[in-house]
Amino acid sequence: MEKVFTTAYSAAAPSFTRLATSELFNGHVESNSLSVIGCRSGAGGHAPSFLNVVTEFIEGLIENYPGLQYLDGFPEVKVVLRADVSGAKYDKVAIISGGGSGHEPAHAGFVGEGMLTAAICGDVFASPNVDSILAGIRAVTGPMGCLLIVKNYTGDRLNFGLAAEQAKSEGYKVEMVIVGDDCALPPPRGIAGRRGLAGTLLVHKVAGAAAACGLPLADVAAEAKRASEMVGTMGVALSVCTLPGQVTSDRLGPGKMELGLGIHGEPGAAVADLQPVDVVVSHVLKEILSPETNYVPITRGSRVVLLINGLGATPLMELMIIAGKAVPELQLEHGLAVDRVYTGSFMTSLDMAGFSISVMKADQAILDRLDAPTKAPNWPVGAEGNRPPAKIPVPLPPSHSIKSDKTLSRPEKLSPQGHILEAAIEAAATEVVNLRDNLNEWDNKVGDGDCGSTMFRGAVAILEDMKKYYPLNDPAETINEIGASIGRVMGGTSGILYSIFCKAAYAKLKENAESVVTALHWADALEAAIAAVSKYGGASAGYRTLLDALIPALSALKERLNAGEDPVDAFIISAEAASAGAESTKHMQAQAGRSTYVPGDILASVPDPGAMAAAAWYRAAALAVKEKYNTA
């Protein structure tokens with residue numbers, strides 16, 4: 001067994017215990033998945049089954065496990081939840097996770113008492129949308145609040161982040177822990193960070209057990225965050241996964257394997273010749289435990305938990321062989337005490353032939369959480385109980401039941417504050433409309449060329465909706481409606497970032513009990529909005545984003561207001577700071593967005609389009625406010 005990678009064994013699919021020669025690879029590996037077969041037969045008039053793979057998976061899951069339900073919002077809302085939990089009455093912290101499908105049994109298979117309360121399912125390898133996440137939050141979150149456990153991918157962070165802000169504005173208590181346990185790549189220069197991999201499941205178990213004990217939200221979030229900082233993961237694959245409805249890529253050549261890959265079929269960090277399994281396991285463990293990268297705080301003498309995870313097409317026999325190599329390697333070569341071993345297919349990548357290894361530093365507190373009982377069907381404890389209805393209705397947001405028609409319409413008569421707000425919004429949106437071509441021109445050089453068009457769509461929607469729907473005498477609700485307009489028509493990262501911006505500003509303004517919103521209130525709202533965009537988008541000052549315009553504006557505004565200067569003058573001066581900040585992006589190395597792929601000499605000649613757009617609408621609003629005050 002010492003050379004299982006080179007054992008002479010004839011087979012049609014790549015294997016870690018079969019022939020390590022080109023006979024394993026003949027261009028590509030055809031998938032035997034039913035979803036692919038179905039999609040090919042769909043040409044005869046039947047609907048391609050790959051269009052429904054996620055919803056059909058959920059329906060089958062519910063039939064197998066009576067302790068689970070799903071929200072009847074297919075196909076847009078795909079949420080699996082505990083059948084014994086009703087959000088309004090639930091007296092414990094709800095644990096919610098999710099992400100793209102194709103990783104089964106993650107995440108829906110880990111819903112159950114003692115683990116996840118709900119799993120939000122996106123399409124295959126695609127982040128779930130905000131509406132689905134919100135539906136899940138509303139369905140299971142009670143007075144104790146909920147914890148969102150999110151794998152570190154940009155789409156997941158942004159969509160779960162916007163959903164969190166929306167839920168907070170509706171009165172829910174929400175915390176979020178982002179898990180990045182990938183140990184394949186050196187520390188990144190930009191904001192992407194380490195990917196979330198199979199180690200996330202150990203965080204789910206720790207958090208679920210803590211919540212089951214009745215701990216408050218802050219304590220559950222703290223335990224989950226601590227667990228996330230204790231685990232490292234690295235993956236290895238012999239094949240590329242097959243997306244439903246597509247032919248398998250032939251990216252890997254004969255006799256090759258990929259090291260350090262994610263869970264979405266993306267290329268690994270390195271391609272190498274096939275090696276004996278003990279050599280591969282030794283390499284993976286050294287990468288995870290490397291003192292140079294210091295990914296995990298594990299040193300000789302530490303107690304650890306080991307998780308061997310199959311990526312979809314690796315037999316349990318081979319996974320057990322890998323576990324048999326990993327345990328003595330950890331004990332003898334690294335001087336670690338292996339307290340628990342979990343082996344199986346937990347977070348897969350469709351039909352990929354491969355595995356990942358996760359190592360978590362353990363103490364008695366973490367072991368107690370991992371050993372706590374759970375009814376999650378794919379953790380090693382069975383589910384039991386009577387069969388409830390298979391599905392329940394999607395809950396409506398509280399705002400639908402409490403908002404009157406008048407709240408969502410333009411007032412018949414505007415207050416002085418309403419007139420000023422209307423002028424500022426109209427000027428800001430009009431400036432963005434006029435700037436469309438310039439923004440597209442800049443973005444053609446440093447991005448994907450659609451910044452102006454994207455911002456244009458949002459600005460036009462704002463101008464149209466303001467005439468009918470914005471309650472301009474209520475600044476907080478008006479900002480909320482601006483976010484709704486943007487979310488409806490603006491796509492891409494810009495749309496969701498501005499939605500987060502508006503939602504956070506709205507939540508801050510709602511804290512104000514006074515009838516008039518002062519300049520200091522607006523400054524506080526801007527500060528909260530910037531903090532939310534930075535939190536969920538990952539950028540900060542100097543990253544060459546819209547924040548490089550807004551952060552200087554906020555700093556100047558607060559400085560002038562705190563010094564007691566006239567608010568209108570302070571607003572104008574802060575607009576100048578925004579413009580200067582946007583221009584300064586020419587001298588910055590991009591650390592976020594598509595500009596990170598653009599050579600520095602090109603960036604030096606073009607400002608960041610997002611920053612220029614932010615500075616433009618901010619300045620236009622400031623000038624409109626000044627004009628209104630001068631003519632009053």
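Parameters and conventions
- Here the residue numbers are simple positions, counted from 1 along each chain's written sequence.
- Only residues with pLDDT of at least 70 are given local features in this predicted model, and only at 80 or more are side-chain atom pairs given and counted; all residues enter the totals for whole chains, interfaces and linings.
- With hydrogens and water excluded, all non-hydrogen atoms of the structure serve as input to the side-chain values.
- Any two of the Phe, Tyr and Trp rings considered here, Trp counted by its six-membered ring, make a pair once their centres fall within 6.5 Å; the pair's planes then place it as stacked at under 30 degrees, edge-to-face at over 60, or tilted in between.
- Runs of E in the DSSP output that reach at least two residues are strands. Runs of H or I that reach at least four are helices, and both are numbered from the N terminus.
- Under the scheme applied here, a residue whose accessible area is under 20% of the maximum for its type counts as buried, over 50% as exposed, and between as partly exposed, the area being computed with a 1.4 Å probe on protein chains only.
- In this analysis the charged atom, NZ for Lys or CZ for Arg, is taken to sit over a ring once it is within 6 Å of the ring centre and within 35 degrees of the ring normal.
- Nonpolar cores are built from buried Ala, Val, Leu, Ile, Met, Phe, Trp, Tyr and Cys residues. Side-chain atoms within 4.5 Å join them into one set.
- The predictor rates its confidence in each residue with pLDDT, a number between 0 and 100.
- Here, residues are in contact when the closest pair of their heavy atoms is within 4.5 Å.
- The axes are straight lines fitted to the C-alpha atoms, using for helices just the contacting stretch, and the angles between their N-to-C directions are given from 0 to 180°.
- Working rule for angles: under 35 degrees goes down as roughly parallel, over 145 as roughly antiparallel, 65 to 115 as roughly perpendicular, anything else as oblique.
- Note: crossing handedness is left-handed where the near helix turns anticlockwise from the far helix by less than a right angle, and right-handed where it turns clockwise.
- Three classes are used: nonpolar for Ala, Val, Leu, Ile, Met, Phe, Trp, Tyr, Cys and Pro, charged for Asp, Glu, Lys and Arg, and polar for all others, with Gly counted as polar.

If you look the protein up in an unreviewed UniProt entry, it shows as 3,4-dihydroxy-2-butanone kinase from Solanum tuberosum.

**Quick notes on the packing of aromatic side chains**
Throughout the structure, instances matching the rule amount to 8 aromatic pairs. Taking 6.4 Å as the distance between ring centres and 70 degrees as the angle between the ring planes, the aromatic pair formed by Phe110 and Trp379 counts as edge-to-face. Here the residue Phe110 occupies a position in the loop between β3 (94-101) and β4 (118-124), and Trp379 occupies one in the loop between α9 (364-371) and β13 (391-392), the gap between them amounting to 269 residues. Exposure class is identical for Phe110 and Trp379. Each is buried. Counting every residue linked through ring pairs, the aromatic cluster contains Tyr498, Phe501, Phe571, Trp617 and Tyr618. Above the face of the Phe456 ring, Arg436 is positioned so that its terminal group lies 4.1 Å from the ring centre.

**A short note on the nonpolar core**
Nonpolar side chains in soluble globular proteins tend to end up buried together. In terms of nonpolar packing, the biggest core is built from 99 residues, with Ile137, Leu148, Trp617 and Tyr618 touching the most fellow members. Considering every element that reaches this core, the biggest residue donor is helix α20 (residues 609-631), with 11 residues. Among the nonpolar cores identified, the runner-up in size contains 52 residues, and Ile62, Val203, Ala211 and Ala227 belong to it.

**Thoughts on the confidence of the model for the protein**
Of all residues in the protein, 85% have pLDDT values of 70 or greater, and the mean over the chain is 86. Throughout residues 17-48 the model reports pLDDT below 50, and contacts reaching past four residues in sequence, or to other chains, amount to 73 contacts. Low pLDDT (under 50) marks residues 382-386, which in the prediction has 5 contacts with non-local residues, meaning those over four places away or in another chain.

**Examining the packing of helix α11 (residues 416-434) against helix α14 (residues 475-489)**
Packed helices, taken two at a time, are described by the angle their axes make and the gap between the axes. Contact pair α11 / α14: the axes reach a minimum separation of 11 Å and the direction vectors enclose 25 degrees. Put simply, α11 runs roughly parallel to α14. Crossing of α11 over α14 shows right-handed handedness. Contacts between α11 and α14 involve Gln417, Leu421 and Ile425 from the first element and Pro475, Thr478 and Ile482 from the second. Of the residues assigned to the contact of α11 with α14, the class counts are 4 nonpolar, 2 polar and no charged.

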